[in-house]
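What follows is each chain in one-letter form.
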Amino acid sequence: MTSLRERLAKPPPLWPMFSGAVRSAALTARIGRILGIGFALCFFTGLFSHYQYGPAGWAPVPADPAWGFRLTQGVHVITGIALIPLTLVKLWSVFPRLFTWPLVRNWKHALERGSIAVLVSSVLVELVTGFLNILTWYAWHWNFVQVHFWLAFVIAGSILLHLAVQWPIIIRGLRTRLSKRPSAAESTPGALGGLALPAWVPPVKPGGITRRGVFLAAGAGVGITALTTVGQSFSPLESVALLAPRRPSAGPSGVPINRTALEAKVTRDPGYTLLVSGPTGQLSLTEAQLVAMATMERDYPIACVEGWSASASWTGLGLLDLMKRVGATADSMITVKSLQKDGPFRSSLVRDDHLRTGLLATHLHGERISLDHGYPLRLIAPDRAGVLNTKWIAELSVQ
Ligand SMILES: Nc1nc2c(c(=O)[nH]1)N[C@H]1C(S)=C(S)[C@@H](COP(=O)(O)O)O[C@H]1N2
Ligand SMILES: [Mo]
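Residues numbered from 1 in each chain as written. Chains lettered and ligands numbered in written order. Predicted model: local features only at pLDDT ≥ 70, side-chain atom pairs only at ≥ 80, totals over all residues. Heavy atoms only, no water.

Enquirer: Before we go on, may I ask you to explain the site of ligand 1 in this structure?
Expert: Neighbouring residues of ligand 1: 19 residues in total, closest Pro256, Gln340, His373, Arg378 and Lys391. At a separation of 2.6 Å, a nitrogen atom of ligand 1 approaches a polar side-chain atom of glutamine 340. Within the side chain of histidine 373, an N or O atom sits 2.6 Å from an oxygen atom of ligand 1. Burial of ligand 1 by the protein chains amounts to 99% of its free accessible area of 530 Å². Of the residues belonging to the shell around ligand 1, the class tally is eight nonpolar, seven polar and four charged. (Near = heavy atom within 4 Å. Polar contact = N/O pair within 3.5 Å; in protein donor to acceptor, adjacent residues only side chain to side chain. Areas by Shrake-Rupley, 256 points an atom, 1.4 Å probe, with all protein chains shown as cover. Nonpolar A, V, L, I, M, F, W, Y, C, P; charged D, E, K, R; others polar.)

Encoded structure:
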């Protein structure tokens, strides 16, 4: 009779064994380094865009440069997409470690494995739901923005913990040449953790893809995904934006539509008037009056939180100029309400530099604005998330 202890010393008969010579600490550490840089870029651009999405009352609202949000949100989404193949390659490179035997050696090892489980699952949820969000497919009932935001901190914390725990192996891996022929001890799951090899580990099989080959293939994968999506916000590359959910020039007046009038249940109203109210009075303006007052021209891009963006040139009325006629000042807070009856984006608040620079647009690229772009009147401000640039304005009021 073999004791339980002896039986547990060896993995069960059908337990997966990995004997390839490609995976190694040198490869994993290098992929990890790029992944770390990618996550940092994605995290900080995401934080900034989150702030612009719902700015804290005490902090100033940036409005300069006009393309600021376009850049940060564009980088956030492109790095997020590029992180998907890179994460998969990283997971592939350490995959055999899932099957190290014994599964758990001691409480410290259990804790380490637990923290990896948290890291991997939160990264996968974040990347997959983020990607579905870009495709505007909300296949869940919870609030995407809140979950995406808080999960990012769980990931950041788990990455720092992971770095701290693995630091000696990472440093050793980075110091080992990628092209160096791996020894048996270097290329097995146990060896990745710096352990001596038990006798049951199969010998290394020669041949197959090299470490350098994996590294180049991963680089090509990331490069191709980035190149074929960056065109959704960088128009010179629009023609190769094969994987991008949106093209920056596909839509009325050469600008994409986020939500159409039909989706928002907004129709043309011949009797339309804009209601403007403030501390010193009320104004009611017809469409003809608004168009007659529209003399200001501005080049402000539209940049959606879902990643696409497009340059656009608008004509309209200065928001602050109009609001001053009902007693607003540059320090006021303005509520913009849409004709849209329901939906999360039917109103927004404007203050600070957005109030001073914002435009109530009647024309886009010299044409009367289309119903889908917010006819008869829409808000557009520089360096501001698309979602806050309310379309089909019905009412403006000073808070
Ligand atoms: N009333 C209203 N305004 C809205 C929206 C909306 O759903 N309803 N969508 C916003 C979003 S998410 C974006 S990205 C921009 C896009 O403007 P566009 O459709 O003219 O390109 O409009 C914003 N304004
Ligand atoms: Mo958007």
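There is more to say after this.
Enquirer: Help me understand the nonpolar core, please; the structure alone is not making it clear to me.
Expert: The biggest cluster of nonpolar side chains holds 23 residues, and the ones touching the most others in it are Leu274, Val276, Leu322, Leu360 and Leu396. Of all elements in the fold, only strand 1 (273–278), strand 2 (281–286), helix 10 (319–324), strand 7 (334–338) and strand 12 (393–398) reach the threshold of two or more residues within this core. In terms of residue count, helix 10 provides more of this core than any other element does, four residues in total. Leucine 322 has contacts with Leu274, Val276, Leu283, Leu285, Met293, Leu317, Leu360 and Leu396, leaving out every residue within four places of it along the chain. Formed by 19 residues, the second largest nonpolar core is a distinct cluster that contains Phe39, Cys42, Leu86 and Leu127. (Core = buried A, V, L, I, M, F, W, Y, C linked by side-chain atoms within 4.5 Å. Buried < 20%, exposed > 50% of the residue type's maximum accessible area, 1.4 Å probe, protein only. Helix = DSSP H or I, 4+ residues; strand = E, 2+ residues; numbered from the N terminus. Contact = heavy atoms within 4.5 Å.)

Enquirer: I keep staring at the sheet that holds strand 12 and nothing clicks. Help me out?
Expert: By way of backbone hydrogen bonds, the strands of a sheet pair with one another, either parallel or antiparallel. Pairing within the open sheet is mixed, and its five strands lie in the order 2-1-12-7-8. Edge positions in the sheet fall to strand 2 and strand 8 (347–350), since each of these pairs with one other strand and no more. Within the sheet, the average angular offset between the axes of one strand and its neighbour, ignoring direction, is 15°. Two strands pair when backbone bridges link them, and strand 7 and strand 12 are joined in this way by five bridges, in the antiparallel orientation. Bridge pairing links isoleucine 334 to valine 398 in strand 12. (Pairing = 2+ DSSP bridges. Axes fitted to C-alpha atoms, helices over the stretch in contact; angles between N-to-C directions.)

Enquirer: Honestly, the packing of helix 2 (residues 25–53) against helix 3 (residues 68–94) in this entry has me stumped. Any pointers?
Expert: Packed helices, taken two at a time, are described by their axes: the angle between them and the distance between them. Direction vectors running N to C along helix 2 and helix 3 enclose 150°, while the axes themselves pass 8 Å from each other. Our classification of the angle between helix 2 and helix 3 gives roughly antiparallel. Like other packed secondary-structure pairs, helix 2 and helix 3 cross with a definite hand, here left-handed. Residue classes in the contact of helix 2 with helix 3 are distributed as 15 nonpolar, 14 polar and one charged. (Parallel < 35°, antiparallel > 145°, perpendicular 65-115°, else oblique. Left-handed = near helix turned anticlockwise from the far one by under 90°.)

Enquirer: What is the right way to read the pairing of strand 6 (residues 313–318) from this model?
Expert: The side chains of a regular strand alternate, residue by residue, between the two faces of the sheet. Across the six residues that make up strand 6, a large majority, five, are buried. Bridge analysis of strand 3 (residues 296–299) against strand 6 gives four bridges, and the strand direction is antiparallel. If you follow arginine 298 over to strand 6, its bridge partner there is tryptophan 314. In the sheet, strand 6 pairs with strand 9 (residues 359–364) via five bridges, with the strands oriented antiparallel. By the bridge assignment for strand 9, threonine 315 is matched with histidine 363.

Enquirer: Is there a simple way to think about the pattern of salt bridges in this case?
Expert: A side chain with one charge may pair with a side chain of the opposite charge, provided their charged atoms come close. Following the criterion strictly, the structure yields three salt bridges and no others. For the salt bridge of arginine 368 with glutamate 287, the shortest nitrogen-to-oxygen distance reads 2.9 Å. Taken as a pair, arginine 368 in strand 10 (residues 367–368) and glutamate 287 in helix 9 (residues 287–293) lie far apart in primary sequence, 81 residues in all. Ionic pairing is found between aspartate 353 and arginine 356, a salt bridge with its closest N-O pair at 3.1 Å. Here the residue aspartate 353 and the residue arginine 356 both occupy positions in helix 11 (residues 352–357), the gap between them amounting to three residues, near one helical turn. For aspartate 353, a relative accessible area of 33% corresponds to the partly exposed category. Accessibility expressed as a relative area gives 41% for arginine 356, which makes it partly exposed. (Salt bridge = Lys/Arg side-chain N within 4 Å of Asp/Glu carboxyl O.)

Enquirer: Is there a simple way to think about the confidence of the model for the protein chain in this case?
Expert: Any segment with low pLDDT has predicted coordinates that should not be analysed in fine detail. In the predicted model, the protein chain carries a mean pLDDT of 88, and 91% of its residues have values of at least 70. Of the regions scoring below 50 in pLDDT, residues 188–195 engages in 19 contacts with residues more than four places distant in sequence or in other chains. (pLDDT = per-residue confidence, 0-100.)

Enquirer: Would you mind showing me how to read a nonpolar patch on the surface here?
Expert: A contiguous nonpolar patch, built from Phe131, Leu135 and Trp137 and spanning about 300 Å² of accessible area, is present on the exposed surface. Inspection of the secondary structure puts tryptophan 137 in the loop between helix 4 (107–134) and helix 5 (144–175). (Patch = residues over 30% accessible without salt bridge, like charges linked within 9 Å, V, L, I, M, F, W, Y side chains within 5 Å.)

Enquirer: Where do I start with unusual backbone geometry in this structure?
Expert: Excluding glycine, a negative phi dihedral is what most residues carry, and trans is how most peptide bonds are arranged. With omega at 0°, the peptide bond leading from aspartate 64 into proline 65 counts as cis. Along the polypeptide, proline 65 turns up in the loop between helix 2 and helix 3. The omega torsion across tyrosine 375 and proline 376 is 5°, close enough to zero to call that bond cis. Within the chain, aspartate 352 stands out as a residue other than glycine whose phi angle is a positive 55°. Tracing the sequence through the fold places aspartate 352 in helix 11.

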